[in-house]
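Architecture at a glance
Next come the chains, spelled out residue by residue.
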Amino acid sequence: MSDKKVAGTSGKGPERDKPWLFRTYAGHSTAAKSNELYRKNLAKGQTGLSIAFDLPTQTGYDSDHELAKGEVGKVGVPVSHLGDMRRLLEGIPLDQMNTSMTINATAAWLLSLYIATADETDASRTKLTGTIQNDIIKEYLSRGTYVFPPEPSLRLIKDTIVFSYREVPKWNPTNVCSYHLQEAGATPVQELSYALATALAVLDTVKASGEVPEAEFGTVVGRVSFFVNAGMRFITEICKMRAFGELWDEITRERYGVTDPKNRMFRYGVQVNSLGLTEPQPENNVYRILLEMMAVTLSKNARARAVQLPAWNEALGLPRPWDQQWSLRMQQIVAYETDLLEYGDIFDGSAEITRKVEQLKEQAKAELATIERMGGAIAAIDYMKRRLVESNSARLRQIETGELVVVGVNRWTETEPSPLTAGEGAIMVVDPAVEAEQVERLKAWRAARDAKAVAKTLADLEAAAKEGRNIMESSIACAKAGVTTGEWGTTLRRVFGEYRAPTGVAQAAPERAGTELDGVRAAVDAVSAKLGRRIKFLVGKPGLDGHSNGAEQIAVRARDVGMEVVYEGIRLTPTQIVRAAVDESVHVVGLSILSGSHLPLVGEVMERMRKEGLNDVPVVVGGIIPPEDEVKLKGFGVAAVYTPKDFQLNDIMADIVRLVEGQEKAA
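One structure accompanies this document, and this report is about it. (Residues numbered from 1 in each chain as written. Predicted model: local features only at pLDDT ≥ 70, side-chain atom pairs only at ≥ 80, totals over all residues. Heavy atoms only, no water.)

**Some thoughts on the overall build of the chain**
Rules: The numbering of helices and of strands both runs from the N terminus, where a helix is a DSSP run of H or I of at least 4 residues and a strand a run of E of at least 2. Put simply, the radius of gyration uses C-alpha atoms, and a globule should come to 2.2 Å times the residue count raised to 0.38. Burial classification: accessible surface area is computed with a 1.4 Å probe over protein chains only, and a residue below 20% of its type maximum counts as buried, one above 50% as exposed, and the rest as partly exposed. Contacts are assigned to residue pairs with any non-hydrogen atoms lying within 4.5 Å of each other.
Helix and strand counts for the chain come out as 24 helices and 15 strands. Computed over C-alpha atoms, the radius of gyration of the chain comes to 25 Å, within 12% of the 26 Å expected from 2.2 N^0.38 for 667 residues, which places it in the range of a compact globule. When the backbone C-alpha atoms are referred to their principal axes, the chain occupies close to 80 × 65 × 55 Å. Relative to its 667 residues, the chain shows a buried fraction of 60%. When contacts within the chain are restricted to residue pairs at least 6 apart in sequence, long-range pairs at least 24 apart make up 79% of them.

**Concerning the sheet that holds strand β4 (residues 98–102)**
We apply this condition: The rule for pairing is simple: two strands pair if DSSP sees at least two bridges between them. Only the stretch in contact is used when fitting a helix axis, every axis being a line fitted to C-alpha atoms; angles between N-to-C directions are given from 0 to 180 degrees.
Spatially, five strands are ordered β2-β3-β4-β5-β6 in an open sheet, and the strand pairing comes out parallel. Every interior strand has two partners, whereas the edge strands, β2 (25–26) and β6 (171–172), have only one. Direction of pairing for strand β3 (residues 49–52) relative to β4: parallel, over a ladder of four bridges. Directly across from Ile51, in β4, lies its bridge partner Met101. Against the sheet, helix α4 (residues 107–120) touches β4, β5 (129–132) and β6, its axis set at about 150° to β4.

**Observations concerning the packing of aromatic side chains**
Threshold: Here a Phe, Tyr or Trp ring, Trp counted by its six-membered ring, pairs with any other such ring whose centre lies within 6.5 Å, and the pair is stacked when the planes are under 30 degrees apart, edge-to-face when over 60, and tilted otherwise. Cation placement over rings: the criterion is NZ of Lys or CZ of Arg within 6 Å of the ring centroid and within 35° of the ring normal.
Evaluated as defined, the whole model comprises 17 aromatic pairs. Residues Tyr179 and Phe227 carry aromatic rings whose centres are separated by 5.7 Å and whose planes lie at 50° to one another, so their mutual orientation is tilted. Taken as a pair, Tyr179 in helix α7 (residues 179–183) and Phe227 in strand β8 (residues 224–228) lie far apart in primary sequence, 48 residues in all. We classify Phe227 as buried; its relative accessible area is 10%. Ring geometry for Phe266 against Tyr268: centres 5.6 Å apart, planes inclined by 40°, an arrangement best described as tilted. Taking the relative accessible area as the measure of exposure, Tyr268 reaches 2% and is therefore buried. The structure contains a cluster of three or more aromatic residues connected by ring pairs, namely Phe226, Phe244, Trp248, Phe266 and Tyr268. Lying across the ring of Phe217, Lys207 places its NZ or CZ 4.4 Å from the centre. The ring of Tyr146 is capped by Arg571, whose NZ or CZ atom sits 5.0 Å from the centre of that ring.

See the structure below:
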């Protein structure tokens, strides 16, 4: 939020505030291709980088790991070592660039690679500006790219904060992220309270460490930033952002004694809602994105510091450079062609806005108090996860019943063919050869480095982790010696162990009210009686995709209509999924994949099922799947494919019952 200026009346016209940072969340295929995309976007007027990393990089695996199969370069750029980071940032002056890196479990490592690259290019650490997301608690609740258990994860966040405020003072070492909470179904109150509870857990950990002098703690607080979501409830979202700012000012003043108002400012970046982008009539998403952006820019006292917008066709697949350009132009038009930046806060003094802000604050404080009574955010992970699953279930029921109108999806579905989605190349597809090429480059990197230097730095990293020393300096030394992402991750896994977060499915309140489920329940009962036992449905998430919201909702609805559900959470290999299908004697398998890796992963599951003699067990697949890929999946033997347009969960359940019944009759 910039300082207020008085609008002038001279011949020069009113003074204008400086615009927010214009970002585009981008990265795919390879470091070289992503660098080319970044430089093009910067030439088009983008003012900050926002780097998307692929799932192996986010979860601490190298591109040749078993779990990386099919995932390399799909949802972001693979960065396996310093050579990849050099190529990714080539020609971009780091001491003049504001860079956001959406990275969490491996945030300390990617920051180390970034600093090592800056050191090589003589970019002063004191001039580096940017952000690492570095928020693990929301990963347990929504996004799923966690690695380590909660306590060591908080320790790693603390290490990056303590290191950064001294060595990289203009960098935001943690970016508390409520974005994915809303994507997982969070209400505005949940988004406020769960994000603030996470920030308290982080700051309490830093304070308890004793590694920051009391007089300097306000500086640490001042470097905490937030990353939020803005949905379609336009007025509510404006009020939510004003409530965030007021609550943060109050908490930092009263809980931590921060006296400098600048260090109490709620500084946030935003990507507007992707959850609400629709596959049917996707051109309507342009209006949605614009309105959502206005919710975080109209109110000057709660204006975002940086904005990145999704592309109109992200519900269909990977957006092309032109699609990203269209979203960038939207920001530029609002910032430069309108008079938005010439005025103070246009909502100050509004009775309606004040009433809603106070209501949100009161409800958020009550929820924060509940979390505090449980012992804080870490102790309340199970509770928050269950509440998110329940909120998302309620949202989906409203869409199914039509109570929540989604234009083009559950009302006004008649449409003319869209010229924007016609023909080949309507979405970007990552060349399957990218993975093999990345693996070959990785092998060449390993062969060319000094193996003794690698072993020495990894040994020091392991010792630092075991002894409680700050791991940042040893991580930077690892980066410079040529250590890979997977080696860094493996070393810390050895010390800290791994973690499987709660799914929230078993604990979520069952759906009992209404008669919408009665027909499907009766069909489940009838077919189960013929089988001699309950229909057993395995819901699986192969690969590294952590977006579990869809899988959770399918599992919850299957449970509520009377099926026996097997759901073990995210990040499973095809071998593990097929083994579970055999051991549990399931009647049907459902696979959920949103990372674009559906073809190789489903293909492997189908092949392994055939080898295990499970040809009579139907497989259904859900995800962001282009029509041509749907044809290929059915060619593999997949019985049904569901995409975001298939929002009626009861219809999906009825389909599954029919598939099981068909197999029972065939037997």
